[in-house]
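Spelled out, the chains give:
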Amino acid sequence: MGGSFQLGSNITLFSSPTPFIKSFINSSWTERYGEAPGENTVTFIWSSIASSYGFGGLFGSIIVRWITNHLGRKRAMIWNNAINVVALGTMIASRFANSFEMIMLSRFLFGFTSGLGTSIHGLYLGDSSPKKIRGMVSLTFALFLSSGKLFGQFMGLSEILGREDWWNILLGIPAFFSIIQMITLPFFPEAPRYLLIEKGNTEECKKALQFLWGPGDYKLEIGEMLLEQAALRGERSKTLLELLRDRNLSLYSFSIFQEAGIPVDKIRYVTMGLGLSEVLTNITCGLLIDRVGRRVLLWVGFGIMGVFMALMTLTLELKDYSFWIPYSTVALIFLFVIFYGGGPAGVMPSLTHEIFIQSYRSAAFVFIGILIWGSFTVVGFIFPFLLVTLKSFCFILFSFVCLAASLYVFFILPETKGKTPLEISEEFRNIRACGSSTDMDLCLETKL
């Protein structure tokens, strides 16, 4: 489960109690200052609470290289789960202390552990998986992520914990799984590739492989790791600057479905259906990723997602013209999630580990984490205002991003299926976008 299950739970758990938290902000402000807050004030505080999770994730992803270099993958995950328990206590106490600031702090801590935990989870999976099924093993990251989303949607039902008296317990649910991991993780070995390539401990690496993969001598796998270690020539783990020099749908699903015209009492069940669709699609992607390859699933997924976003803009604008149009919007969102789960969500955990050699991998996860969590923070803060200002046209922005990503993958990204990190690195070195031939060719080369 690592960190992706908690990430998924934290994202969707926050959507269900939206009205209750806004009501709590209102009552807390009124009791404190003797007058009701304005609508803009409530929106600002709500947006700050939502974006604090992304800001915490950004901070957690920035320090992942330092943490993993000092503690290793396994111990870092154990300490990360301990911080989740602190966040749980803060969230439960916030309601009794009548403090929306404590909700913000708790969400920041949950974001911090999600940003750090998901990166460590991805590193551990990639460093521990056999090459032949690396895609399928790495896909468990996405599977647990979508399972966590579905679990959060289920727990957010009004029949379970999605009630006004229980919202603070609901938002702390992911930390209970952290307690389970703190008990079980000490029995697992450290990541084999980390042990051999970074620590130079061949014997411990072999023991870890035998524990994770079963009995065997694994001479071929250890030999490939030794080749990569030799290619690195004892290089230390690179920083983010050295890497660069070397050439929100679930969070705001409640608001989106409200805008589409779906009855409020039905929204939780629709979002739960979305979660189930994503889980099933991730499982399907697991059967395809090592056959079809990463590249096709990525560019097709991004391209179709961009088209669905554009169509959602149209159906949201026309929702009042006929009773069936809001339901077509729901169908488009379901299709969007299906192609998201079968494309980017399923492929990226494997791809981000494959395209970087060992010495750059921690820094790469820092960079990817900054991009993901920085975007999450910005979108988390501005989306409520975008929805008020642009209405349905805000999805046009996301449509352009998806289409641009599809074109980049189609024209630039090489296939990584069944290749070692050194082979993939060599393919990146051979990528050239050349203009007309002159005495000196003008080329763009991508290096890792």
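Residues numbered from 1 in each chain as written. Predicted model: local features only at pLDDT ≥ 70, side-chain atom pairs only at ≥ 80, totals over all residues. Heavy atoms only, no water.

A. Molecular detail of the overall build of the protein. Each helix and strand counted, the protein has 20 helices and zero strands in total. Each of the 448 residues in the protein was classed as buried or not, and the buried ones make up 54%. (Helix = DSSP H or I, 4+ residues; strand = E, 2+ residues; numbered from the N terminus. Buried < 20%, exposed > 50% of the residue type's maximum accessible area, 1.4 Å probe, protein only.)

B. Region of the structure containing unusual backbone geometry. Positive phi, normally seen in glycine, also occurs at Asn 98, with a value near 55°. Phi angles above zero are rare outside glycine, and Tyr 218 is one such case at about 55°. Note that Tyr 218 resides in the loop between α10 (202-213) and α11 (219-232). You can call Tyr 218 buried: its relative accessible area is 12%.

C. Main features of a nonpolar patch on the surface. A cluster of nonpolar side chains, namely Val 307, Leu 311, Leu 314, Leu 318, Tyr 321, Phe 400 and Leu 403, defines an oily patch on the protein surface of about 690 Å² accessible area. The set of elements that each furnish at least two residues to the nonpolar patch consists of α15 (294-317) and α19 (394-411). By secondary structure assignment, the location of Leu 314 is in helix α15. (Patch = residues over 30% accessible without salt bridge, like charges linked within 9 Å, V, L, I, M, F, W, Y side chains within 5 Å. Areas by Shrake-Rupley, 256 points an atom, 1.4 Å probe, with all protein chains shown as cover. Salt bridge = Lys/Arg side-chain N within 4 Å of Asp/Glu carboxyl O.)

D. Representation of the confidence of the model for the protein in the model. The pLDDT averaged across the protein works out to 78; a share of 82% of its residues lies at or above 70. Counted against residues more than four places away or in other chains, residues 243-249, with its pLDDT under 50, gives 20 contacts. Considering only residues more than four positions removed or in separate chains, one finds that residues 433-448, a stretch of pLDDT under 50, has 28 contacts. (pLDDT = per-residue confidence, 0-100. Contact = heavy atoms within 4.5 Å.)

E. Structural detail: the environment of Leu 413. Inspection of the secondary structure puts Leu 413 in the loop between α19 and α20 (421-429). For Leu 413, a relative accessible area of 9% gives the class buried. Leu 413 has contacts with Arg 295, Leu 298, Leu 351, Tyr 408 and Phe 428, leaving out every residue within four places of it along the chain.

F. Spotlight on the nonpolar core. Ranked by internal contacts, the top residues of the largest apolar core, which has 30 residues, are Leu 298, Phe 336, Val 347, Leu 351, Ile 355, Phe 395 and Leu 413. Of all the secondary structure elements, the ones that give two or more residues to this core are α6 (134-155), α14 (264-292), α15, α16 (325-342), α17 (344-354), α18 (358-390), α19 and α20. The biggest single contributor to this core is α15, with eight residues. If we skip the residues at most four places from it in the chain, Leu 298 touches Pro 344, Val 347, Met 348, Leu 351, Val 409 and Leu 413. The next biggest cluster of nonpolar side chains, apart from the first, holds 21 residues, and it includes Phe 5, Phe 20, Ile 49 and Ala 50. (Core = buried A, V, L, I, M, F, W, Y, C linked by side-chain atoms within 4.5 Å.)

G. Spatial organisation of α19. Its 18 residues place the ends of α19 27 Å apart at the C-alpha level, agreeing with the 26 Å of an ideal helix rising 1.5 Å per residue. For α19, the complete set of buried residues consists of Cys 394, Phe 395, Ser 399, Cys 402, Ser 406 and Val 409. In a view along the axis of α19, the buried residues occupy a sector of 140°, so they form one face of it. Within α19, the exposed residues directed more than 90 degrees away from the buried face are Phe 400, Val 401, Leu 407 and Phe 411. (Expected span 1.5 Å × (residues − 1). Arc of directions from axis to C-beta.)

H. Spatial organisation of the packing of aromatic side chains. Counting across every chain of the model gives 13 aromatic pairs. Where Phe 14 meets Trp 46, the ring centres are 4.8 Å apart and the plane angle is 5°; that geometry is what we call stacked. Of this pair, Phe 14 sits in the loop between α1 (4-13) and α2 (18-33) while Trp 46 sits in helix α3 (residues 39-62), and the two are 32 residues apart along the sequence. For the pair Phe 14 and Trp 46, one class covers both residues: buried. Between the aromatic rings of Phe 59 and Phe 112, the centroid separation amounts to 5.7 Å while the plane-to-plane angle is 35°, which identifies the pairing as tilted. Of the two residues, Phe 59 sits in helix α3 while Phe 112 sits in helix α5 (residues 100-128), which places them 53 residues apart along the sequence. The exposure class assigned to Phe 112 is buried, which follows from its relative accessible area of 10%. Members of the aromatic cluster, each reached through a chain of ring pairs, are Phe 5, Phe 151 and Phe 177. (Phe/Tyr/Trp six-rings, centres within 6.5 Å; stacked < 30°, edge-to-face > 60°.)

I. Focus on the packing of α1 against α5. Close contact between α1 and α5 brings their axes to 8 Å; oriented N to C, the two are set at 145°. By crossing handedness, the relation of α1 to α5 is classed as left-handed. Two secondary-structure elements touch here, α1 through Ser 4, Leu 7 and Asn 10 and α5 through Arg 107, Phe 110, Ser 114, Thr 118 and His 121. Its residues placed into classes, the contact of α1 with α5 shows two nonpolar, five polar and one charged. (Axes fitted to C-alpha atoms, helices over the stretch in contact; angles between N-to-C directions. Left-handed = near helix turned anticlockwise from the far one by under 90°. Nonpolar A, V, L, I, M, F, W, Y, C, P; charged D, E, K, R; others polar.)

J. Local environment of the pattern of salt bridges. Inspection of the entire model under this criterion finds four salt bridges. Close ionic contact of Arg 73 with Glu 198 constitutes a salt bridge, the shortest N to O distance being 3.6 Å. Placement of the pair is Arg 73 in helix α4 (residues 64-96) and Glu 198 in helix α9 (residues 192-198), with a sequence separation of 125 residues. Judged by its relative accessible area of 28%, Glu 198 is partly exposed. With its nearest N and O atoms 3.7 Å apart, the salt bridge here joins Asp 165 to Arg 95. With a gap of 70 residues between them, Asp 165 in the loop between α6 and α7 (167-170) and Arg 95 in helix α4 connect regions that are remote in the sequence. Overall, the relative accessible area of 29% leaves Arg 95 in the partly exposed class.

K. Representation of the packing of α2 against α5. Viewed as axis vectors pointing N to C, α2 and α5 meet at an angle of 135°, and their least axial separation amounts to 9 Å. As the angle between them shows, α2 and α5 are arranged oblique. Counting all contacts with α2, which are made through Phe 24, Ile 25, Ser 28, Trp 29 and Arg 32, the residues of α5 involved are Phe 100, Glu 101 and Ile 103. A per-class count over the contact of α2 with α5 returns five nonpolar, one polar and two charged. (Parallel < 35°, antiparallel > 145°, perpendicular 65-115°, else oblique.)

L. Structural detail: the side chain of Ser 399. With respect to the element layout, Ser 399 can be found in helix α19. Other than its neighbours up to four places away in sequence, Ser 399 contacts Gly 306, Met 309 and Ala 310.

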